[in-house]
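Each chain is listed here by its residues.
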Amino acid sequence: MQAFLGEIIGTMILIILGAGVCAGVNLKKSFAANSGWIVITMGWGMAVAMAAYAVGNMSGAHLNPALTVALAITGDFPWSQVPMYILAQFIGAILGATVVYLHYLPHWKETKDAGTKLGVFATGPAIANPFANVLSEAIGTFVLVVGILAIGANKFTDGLNPLVVGFLIVSIGLSLGGTTGYAINPARDLGPRIAHAILPIPGKGSSNWKYAWVPVVGPLLGGSIGAVFYQAAFLNKMSSSLWIVLSIAVIVLAVIYAVSKQKAAQIQSAVVPKK
């Protein structure tokens, strides 16, 4: 129960500070309005660091289903506890998003654009392309998981691990976040998206459920590949997990690519008038 509570509290802190910086930068009549992408990436990086410091001793501060699954794949975390951790992470994310909604209560009415309001809670693509969007989330999460495992292997980071991981989040955001808003965490996106759908936000519009699968599938793929890649490249462990994960990833990406191409062709044929 302590670990379950730790993941709830930690993920709630993560979302309060992370979604909170998105709200501060994007909602109207906030003193932080229009302060930009660098502020958002720094806010998310510090959010991860503070959440990890808060509950590291309680649960190990996974705060991310993709990381929980990755650690289970490497054998550093028992599979039997994966469902409990993921449930706690989603509960914490929904609670954190609710706190952000309450904190910025007068600002929702002042902000007219529905997409801006959704952007406080959930991510979206700069250019809508399902295959490219999944690939972007997968690459970002791959870097996250490999980075976390590498940081944990270095003794010089003892006591500073959460802070260094926070800077890793900032780096990913600055370098790779401009395509999809770098969810790199299924709970970080889907939990607040559920909150957005439930909460009585004035003029909130759609929760964009047609995109919601991307920041779930992408991070789970990228995190899993990152885990087996780290074992193979850094620890020289060539287990059956490597080939299983890579095979699943290739199949999933191939299916997404084929469906994306088919939908693009349908759209093109609908747009181009017949002679």
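How each quantity is defined
- Residues numbered from 1 in each chain as written.
- Predicted model: local features only at pLDDT ≥ 70, side-chain atom pairs only at ≥ 80, totals over all residues.
- Heavy atoms only, no water.
- Phe/Tyr/Trp six-rings, centres within 6.5 Å; stacked < 30°, edge-to-face > 60°.
- Helix = DSSP H or I, 4+ residues; strand = E, 2+ residues; numbered from the N terminus.
- Buried < 20%, exposed > 50% of the residue type's maximum accessible area, 1.4 Å probe, protein only.
- Expected span 1.5 Å × (residues − 1).
- Contact = heavy atoms within 4.5 Å.
- UniProt positions renumbered as here; feature names shortened; annotations may be inferred.
- Bend = angle between axes of the 7 residues up to and from the residue.
- Core = buried A, V, L, I, M, F, W, Y, C linked by side-chain atoms within 4.5 Å.
- Lys, Arg positive; Asp, Glu negative; His and termini not counted.
- Salt bridge = Lys/Arg side-chain N within 4 Å of Asp/Glu carboxyl O.
- Polar contact = N/O pair within 3.5 Å; in protein donor to acceptor, adjacent residues only side chain to side chain.
- Patch = residues over 30% accessible without salt bridge, like charges linked within 9 Å, V, L, I, M, F, W, Y side chains within 5 Å.
- Areas by Shrake-Rupley, 256 points an atom, 1.4 Å probe, with all protein chains shown as cover.

Visitor: Looking at this structure, I do not really get the packing of aromatic side chains. What am I missing?
Guide: Geometry of an aromatic ring pair is reported as the spacing of the ring centres plus the angle between the planes. Applying the stated rule across the entire model yields eight aromatic pairs. Taken together, a centroid distance of 5.2 Å and an interplanar angle of 55 degrees make the contact between Phe 142 and Phe 229 tilted. Highlighted residues: Phe 142 in helix α7 (residues 130-152) and Phe 229 in helix α10 (residues 214-234), separated in sequence by 87 residues. Taking the relative accessible area as the measure of exposure, Phe 229 reaches 37% and is therefore partly exposed. Among the aromatic residues, those joined into a cluster by ring pairs are Phe 142, Phe 229, Tyr 230 and Phe 234.

Visitor: Even after reading the chapter, I still don't get helix α4 (residues 82-103), so can you show me in this structure?
Guide: Helical geometry: 3.6 residues make up each α-helical turn, so side chains three or four residues apart lie on a common side. If you check α4, its first and last C-alpha atoms are 32 Å apart, about what 22 residues at 1.5 Å a residue would give, namely 32 Å. For α4, every residue scored as buried is listed here: Val 82, Tyr 85, Ala 88, Gln 89, Phe 90, Gly 92, Ala 93, Gly 96, Ala 97, Val 100 and Tyr 101. On its buried face, α4 sits against α1 (2-26), α2 (37-59), α3 (65-74), α5 (107-110), α6 (114-121) and α9 (186-198).

Visitor: When you look at the UniProt feature "transmembrane region" (unreviewed entry) in the protein chain in this model, what are you seeing that I'm missing?
Guide: As recorded in UniProt, the feature "transmembrane region" (unreviewed entry) lies at residues 6-25, 37-55, 84-105, 126-151, 163-184, 211-234 and 240-259. Across residues 37-55 one finds 100% helix and 0% strand; the C-alpha atoms that close the span lie 27 Å apart. Between the first and last C-alpha atoms of residues 163-184 the distance is 18 Å; the span itself is 64% helix and 0% strand.

Visitor: Help me understand the environment of Ala 88, please; the structure alone is not making it clear to me.
Guide: Mapped onto the elements of the fold, Ala 88 is located in helix α4. Look at Ala 88 and you get buried, because its relative accessible area is 0%. Sequence separation between Ala 88 and Ala 195 is 107 residues, and the spatial gap between their C-alpha atoms is 15 Å.

Visitor: Please explain α2 as it appears in this structure.
Guide: Here α2 is 23 residues long and its end C-alpha atoms lie 31 Å apart, about the 33 Å a rise of 1.5 Å per residue gives. For α2, the principal kink sits at Tyr 53 and spans about 40 degrees. Among all positions in α2, only Ile 40, Thr 41, Gly 43, Trp 44, Gly 45, Ala 47, Val 48, Ala 49, Ala 51, Ala 52, Val 55 and Ser 59 are buried. Those residues of α2 that are buried lie in contact with α1, α4, α8 (161-176) and α9. Trailing α2 by a residue or two, Gly 60 shows a phi angle of about 90 degrees, which is positive.

Visitor: I'm lost on the nonpolar core in this one. Help?
Guide: Soluble globular proteins: nonpolar side chains tend toward being buried together. With 56 residues, the main nonpolar core has Leu 14, Trp 44, Trp 108 and Phe 121 as its most contacted residues. Ranked by residues supplied to this core, first place goes to α1 with eight residues. Not counting residues up to four positions away in its chain, the partners in contact with Leu 14 are Ala 19, Trp 44, Ala 47, Val 48, Ala 51, Leu 63 and Asn 185. Val 214, Leu 221, Ala 249 and Leu 253 belong to the second largest nonpolar core, which has seven residues in total.

Visitor: Please explain the side chain of Glu 137 as it appears in this structure.
Guide: Position of Glu 137 relative to the elements: it lies in helix α7. Among buried Asp, Glu, Lys and Arg side chains, Glu 137 stands out as unpaired, with Arg 188 the closest opposite charge at 7.8 Å. Within polar-contact distance, the side chain of Glu 137 engages the backbone nitrogen of Ile 184 at 2.8 Å. In contact with Glu 137, other than residues within four places in its own chain, are Thr 180, Tyr 182, Ala 183, Ile 184, Val 214, Pro 215, Gly 218 and Pro 219.

Visitor: Help me understand the environment of Ala 128, please; the structure alone is not making it clear to me.
Guide: By the secondary structure assignment, Ala 128 is in the loop between α6 and α7. In this structure Ala 128 comes out as exposed when scored by relative accessible area, which is 68%. With 38 residues separating them in the primary sequence, Ala 128 and Gly 166 have C-alpha atoms 28 Å apart.

Visitor: Explain unusual backbone geometry to me, please; I cannot follow it from the model alone.
Guide: Glycine aside, negative phi is the norm for most residues, and most peptide bonds take the trans geometry. Phi angles above zero are rare outside glycine, and Leu 63 is one such case at about 65 degrees. One can find Leu 63 in the loop between α2 and α3. One non-glycine residue, Tyr 182, adopts positive backbone phi at about 40 degrees.

Visitor: Sorry, what's going on with a nonpolar patch on the surface here?
Guide: A cluster of nonpolar residues, Trp 37, Ile 38, Met 42, Phe 167 and Leu 174, forms a patch on the protein surface that exposes about 500 Å² of accessible area. Among the secondary structure elements, those contributing two or more residues to the nonpolar patch are α2 and α8. Per-element accounting of the nonpolar patch gives the leading share, three residues, to α2. Tracing the backbone shows Met 42 in helix α2.

Visitor: Would you mind going over the side chain of Ser 224 with me for this structure?
Guide: Along the chain, the position of Ser 224 falls in helix α10. Polar side-chain contacts of Ser 224 include one of 2.7 Å to the backbone oxygen of Leu 220. Apart from the residues within four sequence positions on either side, Ser 224 is in contact with Val 69, Ile 73 and Val 245.

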